[in-house]
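For reference, the chains in residue letters:
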2 protein chains.
Amino acid sequence: MSKELVFGHQNPDTDAIVAAKAFSYLENQLGADTEAVALGEPNEETQFVLKHFNEPAPRVITKAAPEVDAVMLVDHNEPQQSVSDIADVTVTHVVDHHRISDFNTAQPLFYRAEPLGCCSTVIYKLFKENNVEIPAKLAGLMLSAIISDTLLLKSPTSTPTDKKVVEALAKIADVDYETYGLAMLKAGTNIDAKSEKELIDADAKSFTMAGTNVRVAQINTVDLDDVFKRQAALEAAAKDENATNGYDLFLILATNILNSDSELLVVGAPTEPVEKAFGKSLANNRMSLPGVVSRKKQVVPPLTEAFGA
Amino acid sequence: MSKELVFGHQNPDTDAIVAAKAFSYLENQLGADTEAVALGEPNEETQFVLKHFNEPAPRVITKAAPEVDAVMLVDHNEPQQSVSDIADVTVTHVVDHHRISDFNTAQPLFYRAEPLGCCSTVIYKLFKENNVEIPAKLAGLMLSAIISDTLLLKSPTSTPTDKKVVEALAKIADVDYETYGLAMLKAGTNIDAKSEKELIDADAKSFTMAGTNVRVAQINTVDLDDVFKRQAALEAAAKDENATNGYDLFLILATNILNSDSELLVVGAPTEPVEKAFGKSLANNRMSLPGVVSRKKQVVPPLTEAFGA
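Residues numbered from 1 in each chain as written. Chains lettered and ligands numbered in written order. Predicted model: local features only at pLDDT ≥ 70, side-chain atom pairs only at ≥ 80, totals over all residues. Heavy atoms only, no water.

Undergrad: Any chance you could break down the packing of aromatic side chains for me, citing the residues and the numbers?
TA: Scanning the model with the defined rule gives 11 aromatic pairs over all chains in all. Plain terms: the ring middles of Tyr111(A) and Tyr111(B) are 4.9 Å apart, the flat faces sit at 55° to each other, and that makes the pair tilted. Of the two residues, Tyr111(A) sits in strand 6 (residues 110–113) while Tyr111(B) sits in strand 6 (residues 110–113), which places them in two different chains. Ring plane angle 65° and centroid distance 5.6 Å describe the contact between Phe103(B) and Tyr111(B), whose orientation is recorded as edge-to-face. Take Phe103(B) and Tyr111(B): they sit in the same class, and that class is buried. Every member of this aromatic cluster is reached through a ring pair, and the members are Phe103(A), Tyr111(A), Phe103(B) and Tyr111(B). Stacked on the ring of Phe228(A), the Lys or Arg Arg286(A) has its end atom at 4.0 Å from the ring centre. (Phe/Tyr/Trp six-rings, centres within 6.5 Å; stacked < 30°, edge-to-face > 60°. Helix = DSSP H or I, 4+ residues; strand = E, 2+ residues; numbered from the N terminus. Buried < 20%, exposed > 50% of the residue type's maximum accessible area, 1.4 Å probe, protein only. Lys NZ or Arg CZ within 6 Å of the ring centre and 35° of its normal.)

Undergrad: Go over helix 6 (residues 177–187) of chain A, please, and point to the residues and values.
TA: Residue and element names in this part refer to chain A. Buried within helix 6 are the following residues: Tyr177, Tyr180, Gly181, Met184 and Leu185. Projection of helix 6 onto a plane perpendicular to its axis shows the buried side chains occupying an angular sector of 130°, all on one side. Of the surrounding secondary structure, the elements contacted by the buried residues of helix 6 are helix 2 (44–52), helix 4 (136–150) and helix 5 (160–173). (Arc of directions from axis to C-beta. Contact = heavy atoms within 4.5 Å.)

Undergrad: Any details on the sheet that holds strand 7 (residues 204–209) of chain A? Residues and values, ideally.
TA: By definition, the strands of a sheet pair up through backbone hydrogen bonds, in either a parallel or an antiparallel sense. Residues and elements named next belong to chain A. Spatial strand order, 7-8-9-10-11: five strands in an open sheet with mixed pairing. Of all the strands in the sheet, the pair left with one neighbour each is strand 7 and strand 11 (286–289). Averaged over all adjacent pairs, the angle separating strand axes in this sheet is 25°, with direction ignored. Across four bridges, the pairing between strand 10 (residues 261–268) and strand 11 is antiparallel. Residue pairing for strand 11: Leu264 is matched across the bridge by Met287. Helix 9 (residues 231–245) contacts strand 9 (249–256), strand 10 and strand 11 of the sheet and is inclined by roughly 50° relative to strand 10. Across the face of the sheet, helix 11 (residues 295–306) comes into contact with strand 7, strand 8 (212–221) and strand 9 while running at roughly 25° to strand 7. (Pairing = 2+ DSSP bridges. Axes fitted to C-alpha atoms, helices over the stretch in contact; angles between N-to-C directions.)

Undergrad: Any details on empty space enclosed by the protein? Residues and values, ideally.
TA: All names here are of chain A. Counted by the stated rule, this structure contains two cavities of 30 Å³ or more. Roughly 690 Å³ of internal volume is contained in the largest cavity. Forming the boundary of the largest cavity are 40 residues, of which Asp13, Asp149, Asp203, Gln218 and Arg295 lie nearest the centre. Elements supplying a minimum of two residues to the lining of the largest cavity: helix 2, helix 4, helix 7 (196–201), strand 7, strand 8 and helix 11. (1 Å grid on protein atoms, 1.4 Å probe; cavity = no way out; pocket = protein on both sides within 12 Å on 5 of 7 lines; lining within 4 Å. Points joined across faces, edges and corners; volume = space filled by probe spheres on them.)

Undergrad: For the sheet that holds strand 2 (residues 34–38) of chain B, give the residues involved together with the corresponding values.
TA: With respect to topology, 12 strands assemble into an open sheet ordered 3(A)-2(A)-1(A)-4(A)-5(A)-6(A)-6(B)-5(B)-4(B)-1(B)-2(B)-3(B), the strand pairing being mixed. Only two strands of the sheet have a single neighbouring strand rather than two, namely strand 3 (59–60) of chain A together with strand 3 (59–60) of chain B. Where strand 1 (residues 4–7) of chain A and strand 4 (residues 70–74) of chain A come together, three bridges link them in parallel fashion. Paired with Val6(A) across the bridge in strand 4 of chain A is Met72(A). Lying on the sheet, helix 3 (residues 119–129) of chain B is in contact with strand 6 of chain A together with strand 4 (70–74), strand 5 (90–96) and strand 6 of chain B; it crosses strand 5 of chain B at an angle near 100°.

Undergrad: How would you sum up the pattern of salt bridges? Please name residues and give values.
TA: One pass over the full model with this rule turns up 36 salt bridges over all chains. Of the charged contacts in the structure, one is a salt bridge between Glu78(A) and Arg99(A), with a shortest N-O distance of 2.8 Å. You can see Glu78(A) sitting in the loop between strand 4 and strand 5 (90–96) and its partner Arg99(A) sitting in the loop between strand 5 and strand 6, a full 21 residues away along the chain. A residue is classified by how much of its surface remains accessible, and Arg99(A), at 8% relative accessible area, is buried. In this structure, Asp192(B) and Lys229(B) form a salt bridge, with 3.4 Å as the shortest nitrogen-oxygen distance. On the criterion of sequence distance, the pair formed by Asp192(B) in the loop between helix 6 (177–187) and helix 7 (196–201) and Lys229(B) in the loop between helix 8 (224–228) and helix 9 (231–245) is long-range, its members being 37 residues apart. Taking relative accessible area as the criterion, Asp192(B) reaches 51% and is therefore assigned exposed. For Lys229(B), a relative accessible area of 54% corresponds to the exposed category. Connected via shared salt-bridge partners are Lys3(A), Glu35(A), Arg59(A) and Glu67(A). (Salt bridge = Lys/Arg side-chain N within 4 Å of Asp/Glu carboxyl O.)

Undergrad: A description of the interface of chain A and chain B should follow, citing residues and the corresponding values.
TA: The partner chain B presents 21 residues to the 22 residues of chain A that form the contact. Both sides of the chain A and chain B interface together cover about 1,900 Å² of buried area, and 57% of this is carbon and sulfur. The dominant element in the side of chain A that touches chain B, judged by the number of residues it contributes, is strand 6 of chain A, at four residues. Among the residues making up the side of chain A that touches chain B, the classes are represented as 10 nonpolar, six polar and six charged. Examined bridge by bridge, strand 6 of chain A and strand 6 of chain B share three bridges and lie antiparallel to one another. Following the sheet pairing, Tyr111(A) is matched in strand 6 of chain B by Ala113(B). (Buried area = accessible area lost by both parts, 1.4 Å probe. Nonpolar A, V, L, I, M, F, W, Y, C, P; charged D, E, K, R; others polar.)

The structure is reproduced here in structure tokens:
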């Protein structure tokens, strides 16, 4: 079998980087020839994780077709979140924990998705099912991915399975996951060191809702004031992104990871579906969303419904 | 959790009926509240199977939303092959072995697909992973589904995994699968009892190839003469279907399931791409295709290529 590339989504977060490494390792143990790559550089949180476990960053690619005929996707399936030439290669495997959207294949494939908090949790199950042992370092990486995606098991996307898997991986990696997890999350919230463009680009995803191009960025912080003291500059940066990339609507979800509250900043139009989605009015382009921490579970579904998509 | 319906595709074959029963049983063992239903009456082969294992036919539904909010799909994902009001319910689970096409969800879901010969083979793996025992009767039904989809493991869609699972299920069901399988396949080939229209409509799929509307019907038989003694009437029926439904080209693939040879009957135009696809000339509107048994793997791909689509 010829070589395949394994990668997560654009603007990779810790899970996108780690899930690719974990699934590539598993597939290679099962006899495949794969390489884990990434569609962007690791963010600060992921850099903290890779450094902690002494693991190199994956090679970054912008196209797959010049290298391989076939690829495996982790932590995403939507083409606009994938490699730019995804239409030119065959997707043979997907492991994911998101909705399925605009994903079409010509041939049957391996597709494994579960509504769990993290793609690395699904991959942990695949290791168990295939009786492949998880090395201690990889366990530490996978543990980090689950802590990242579930905000230390506090996100509503977190499930009892994620908790069990975190405990099992912490044992293999010999890590006190609560202490380590908090240090890791804080490492990813270094707001002051970043430009507004960097802040709204680091963890952003695109969605098409009833023909409207919607970009939803999330900024994790330990203090919402650190974000909103720069509101004007953030709005200007989002406006600029809209103009450059053809987004109609740019949503910035700033999330306080310590108390699990968010504040939403909205740039572009139409704003009515946003107000409808959350049953609240925008004031100064903002609305507070107490208890909201998950883009996937608490922002995209009500928004999709409000757009009538 | 509220009740969910589990069903396979429209025009159900044995796998569509059985996979729904098997997955529903598994989910209920795991704590869900589900009912296996079907989107049509069992065909003759499936009737033979249900009678052999003394299993009732599933209830037939035409709509899901009046009964439930959520459903589980087996053996299909494409909306046009599903229940008519699929857009009005939430799909929480899919178990399949086909390509993914036009399938979109608003929420993360459980999706399990593998490129294996039969959906019931995937479900067998799910039983194993969840340590749920397969009752002897259900093993017999699942065995029948795999034999049906893989033509007794002789189709090119059949994999080594399908063979292993057939052997394991035959042991649980205490069935000599070769003898039983042949009897079962023969039961599905009762040619003489059917009209020409029924014969070319029972297992037919439509494709658009470079703007040409192509219909490909398959008729399984134990004697090709049983089909071609009615050639003139079959051609008339196909011509009628072309006129009524706007097909340009009607291909009837008659397959001898005993020796895995087929004979192709072609009605309509253009016929050149058909001759090009198989490197053979038509004589009396027919060509023999020794070793061809799979529409999906051996007919549609070369035809698509010959049309330059």
